[in-house]
Each structure stands twice: as structure tokens, then as C-alpha cells.
Protein chains: 2
Amino acid sequence: MAGVPETGLGHLRVTLTETAYIGPGRADLLEGIAETGSISAAGKRMGMSYKRAWSLVQALNEGFGAPLVEASRGGAAQGGAHLTDLGTEVLTRYRAMQARTAEAIAGDVAVLRALIADMSGKK
Amino acid sequence: MAGVPETGLGHLRVTLTETAYIGPGRADLLEGIAETGSISAAGKRMGMSYKRAWSLVQALNEGFGAPLVEASRGGAAQGGAHLTDLGTEVLTRYRAMQARTAEAIAGDVAVLRALIADMSGKK
DNA sequence: CTCCGATATGTTCATTCGGACATATCGTGT
DNA sequence: ACACGATATGTCCGAATGAACATATCGGAG
């Protein structure tokens, strides 16, 4: 339950085109696939069904007009999935944008948090 | 249809506490209330029902632990709503954060857009 | 030729969410 | 007393979403 992410930044969704966008959920899934080499393993790790993870991958690939994830069935490793160069680039850039955003808004976040803490405490 | 916002930044949601957060939809509603002086007018302008707009205001006020919007019924102006100091501060800061974020990620967005434009065009 | 593990899909059911209506309330003018 | 305009709530229904289950397929290993 990452209700309040450490940084204070909740969600950052970057829209590249009408159908191509990347947000925290998709990024985490891409990261999971990169690390586990499997859609189902990545999904399970995030507590979602394989079906849902697979659907997200579909939406991602179709939305971007080019595959971010490539999967294979059977074979030596009994199937699996991996990020394409595009997928890796998108993930890396997204993480970078998250970091820059967190830094850019840190000041405002601190001020607002102090403000609501005050109003709640007082009356 | 603001599918792809001019800036390229899609959604920015800032989480202050477990229940207090502000995103594009809420910010637009706050702005609408500030400008129209009415929850229903602001909602209508955004194409949502009064009920929904009112529900959002409730969630906002309860989530922050202090009211961002204060409303009144009857009276000289036949009721209306306005932002509290906290509401104004939250809205202003949010717009500022949006601007800083857009600036911070502009470079990455440009690169990614060029990349997907390429892949779609070629092959 | 069967087994295995992961992808690929379809179906069904429960829950959530929003839209559409329907009222009720309030407080100043007329 | 009544009308008006906006807030304040409740109910009901259809669409969308996701969880759960059930298969089907692929391709190398044994």
C-alpha cells in the first residue's frame, strides 16, 4: 500500500500522443518485466492477475504503435517476455522524469503539507 | 477533447497525505468554482453533473481535513460557493507545480515523441 | 509423443462509478 | 406567503473495471 509515496509525488502520467502514455502503474509493470523476464511473474509481484498484466502490455504496445514488450511462447525457457529498446528507453526516461518532477515540486509539497498539518491541528 | 495537453504533460497528481491529494480534475473544479462562484456552474462548465461536482468538493474538504470550498444556500445571491484561503493556496500551488513539471520534463517528452514518431513512420 | 511453463484469450460475476431523476432545504426579495 | 436559484442528498440503473476461472497454444526437453 504505497498510499503516500516517499517523495510526495503521487502520480505522474506523461502523454506522448493520443494513445501513447506512461504512468506509474505501467512503468512498474515494465520494470517488473525487465527484472523477471515474464509478464506473469511481473504481474504477480504487483498483485495483479496475469490477464490484467497482459492486457496492460497489449494497451502499451498498441498505444505506442510499436512494441515496448516482446513475448515468446514455448522454447528453451518455456516462454517469457522482455523489453524492446523502445521499452527500455521509455522506462528509463519515465524514471528520470519522475525524479526531476519530485525535485521540482518538493518545495511546494513541503509548504502545502505544513499548511494542512496546521489547519488540522488547530481548528 | 484535451487528449494531448499542449504541454505534453498529461496528469500530475500530488499526494499530500493519505487522503489529501490534488490532480487535474480537482484543480479545474476549484478553478471553476473560484471563477463562477458556484459549484453547479463550475460543474456544468466541465460537463459534469452537479451531483458529481458536489461529491468532489466533499471528498476534497474531507480529505484535506479542512474546507477548501465553502458553500451557502439562500441569501442575497441565492446561494453560491467560494474558495477558502486554503483552497486558493492549494490551487495556486498546484498550477505552479504543473508549470514547473512541464518545464522539467519537456526535454524527455520531446525525445520520446520523436522516437515513437520514427518507429511508427518507418518499418 | 507427452510434459511443462508461460503466453494468449474468452467468459462470467461482483463491484464500482457516473448519469439521470427526484426532492428537500435555505434565505432573501417581491 | 411564495417564488427563485443554488446547495444538499437519496435512489435507481446502465456502463466500465477488474477478479476469478477456464482453455487453448506454443516449442523445446525428456
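The paragraphs below set out a description of the structure included in this document. Not measured: the values here are computed from a predicted model.

A look at the overall build of chain A
Consideration 1: Each helix and strand counted, chain A has 4 helices and 4 strands in total.
Consideration 2: Shown N-terminal to C-terminal, the secondary structure of chain A runs as helices and strands in the order β-β-α-α-α-β-β-α.
Consideration 3: Taking 123 residues into account, the globule formula puts the C-alpha radius of gyration at 14 Å, and chain A, at 18 Å, lies well above it.
Consideration 4: Dimensions of chain A along its principal axes, counting C-alpha atoms only, are 65 × 30 × 20 Å.
Consideration 5: When the 123 residues of chain A are sorted by exposure, 40% land in the buried category.
Consideration 6: Taking the contacts inside chain A whose residues are at least 6 apart along the sequence as the reference set, 46% of them involve residues at least 24 apart.

Notes on the protein's contact with DNA strand D
All names here are of chain B.
Consideration 1: What surrounds DNA strand D is a group of 18 residues, the closest being Ile39, Tyr50, Lys51, Trp54 and Gln78.
Consideration 2: Among the atoms of DNA strand D lying within 4 Å of the protein, the sugar-phosphate backbone contributes 70%.
Consideration 3: Between Lys51 and DNA strand D, the recorded distance is 3.0 Å, taken from a side-chain N or O atom to a base oxygen.
Consideration 4: Put simply, the parts of the chain that give the surface near DNA strand D at least two residues each are helix H2 (39-45), helix H3 (50-64) and strand E3 (69-72).
Consideration 5: For the surface near DNA strand D, the element with the highest residue contribution is H3, accounting for 3 residues.
Consideration 6: Within the surface near DNA strand D, the residues separate by chemical class into 5 nonpolar, 9 polar and 4 charged.

Remarks on helix H1 (residues 24-36) of chain B
Consideration 1: Its 13 residues give H1 of chain B an end-to-end C-alpha distance of 18 Å, which sits within 8% of 18 Å, the value for a rise of 1.5 Å per residue.
Consideration 2: For H1 of chain B, the complete set of buried residues consists of Pro24, Arg26, Ala27, Leu29, Leu30, Gly32 and Ile33 of chain B.

Overview of the interface of chain B and chain A
Interfaces are often described in size by the accessible area the parts lose on coming together.
Consideration 1: Across the contact, 35 residues belong to chain B and 35 residues belong to chain A.
Consideration 2: Broken down residue by residue, the surface that chain B buries against chain A is led by Leu16, Leu112 and Ile116 of chain B, which jointly contribute 18%.
Consideration 3: On the surface where chain B and chain A come into contact, there are 4 salt bridges.
Consideration 4: A salt bridge links Asp108 of chain A to Arg93 of chain B; its shortest N-O distance comes to 2.9 Å.

Looking at the protein's contact with DNA strand C
Consideration 1: Surrounding DNA strand C, one finds 18 residues, the nearest of these being Ile39, Tyr50, Trp54 and Gln78 of chain A together with Gly75 of chain B.
Consideration 2: Sugar and phosphate atoms constitute 71% of the interface atoms of DNA strand C, taking the interface as everything within 4 Å of the protein.
Consideration 3: At a separation of 3.4 Å, a phosphate oxygen of DNA strand C approaches a polar backbone atom of Ser40 of chain A.
Consideration 4: For the surface near DNA strand C, the leading source of residues is helix H3 (residues 50-64) of chain A, giving 3 residues.

Side note on the relation of the copies chain B and chain A
Consideration 1: For the pair chain B and chain A, the best superposition has an RMSD of 0.0 Å and corresponds to a rotation of 180 degrees with a translation of 0.0 Å parallel to the axis. Such values leave the two copies arranged in the relation of a two-fold axis.

Observations concerning the pairing of strand E1 (residues 9-15) of chain B
Residue and element names in this part refer to chain B.
Consideration 1: Counting buried residues along E1, 5 of its 7 residues qualify, which places the element largely inside the surrounding structure.
Consideration 2: As judged from the 2 bridges shared by E1 and strand E2 (residues 21-22), these two strands associate in the antiparallel manner. Among the inter-strand pairings, Val14 is bridged to a residue of E2, identified as Ile22.
Consideration 3: Adjacent in sequence and paired antiparallel, E1 and E2 are bridged by 5 residues.

Here's the deal with the nonpolar core
Note that soluble globular proteins tend to have their nonpolar side chains buried in a common cluster.
Consideration 1: Counting residues in hydrophobic clusters, the biggest one holds 64 residues, and the most contacted among them are Val14, Leu16 and Ile33 of chain A together with Val14, Leu16 and Ile33 of chain B.
Consideration 2: Ranked by residue count, the leading element in this core is helix H4 (residues 85-121) of chain B, at 10 residues.
Consideration 3: Filtering out sequence-adjacent residues up to four positions away, Ile33 of chain B remains in contact with Ser38, Ile39, Ala42, Val57, Val69, Ala81, His82 and Leu83 of chain B.

Some details on the packing of aromatic side chains
Consideration 1: For the coordinates displayed, the defined rule picks out 0 aromatic pairs over all chains.
Consideration 2: If you follow Arg26 of chain A out to its NZ or CZ, it ends over the ring of Tyr21 of chain A, 4.0 Å from the centre.

What counts, and where the lines are drawn
Residues numbered from 1 in each chain as written. Chains lettered and ligands numbered in written order. Predicted model: local features only at pLDDT ≥ 70, side-chain atom pairs only at ≥ 80, totals over all residues. Heavy atoms only, no water. Helix = DSSP H or I, 4+ residues; strand = E, 2+ residues; numbered from the N terminus. Rg over C-alpha atoms; globule rule 2.2 N^0.38 Å. Buried < 20%, exposed > 50% of the residue type's maximum accessible area, 1.4 Å probe, protein only. Contact = heavy atoms within 4.5 Å. Near = heavy atom within 4 Å. Polar contact = N/O pair within 3.5 Å; in protein donor to acceptor, adjacent residues only side chain to side chain. Nonpolar A, V, L, I, M, F, W, Y, C, P; charged D, E, K, R; others polar. Expected span 1.5 Å × (residues − 1). Buried area = accessible area lost by both parts, 1.4 Å probe. Salt bridge = Lys/Arg side-chain N within 4 Å of Asp/Glu carboxyl O. Least-squares fit on C-alpha atoms with pLDDT ≥ 70 in both. Pairing = 2+ DSSP bridges. Core = buried A, V, L, I, M, F, W, Y, C linked by side-chain atoms within 4.5 Å. Phe/Tyr/Trp six-rings, centres within 6.5 Å; stacked < 30°, edge-to-face > 60°. Lys NZ or Arg CZ within 6 Å of the ring centre and 35° of its normal.

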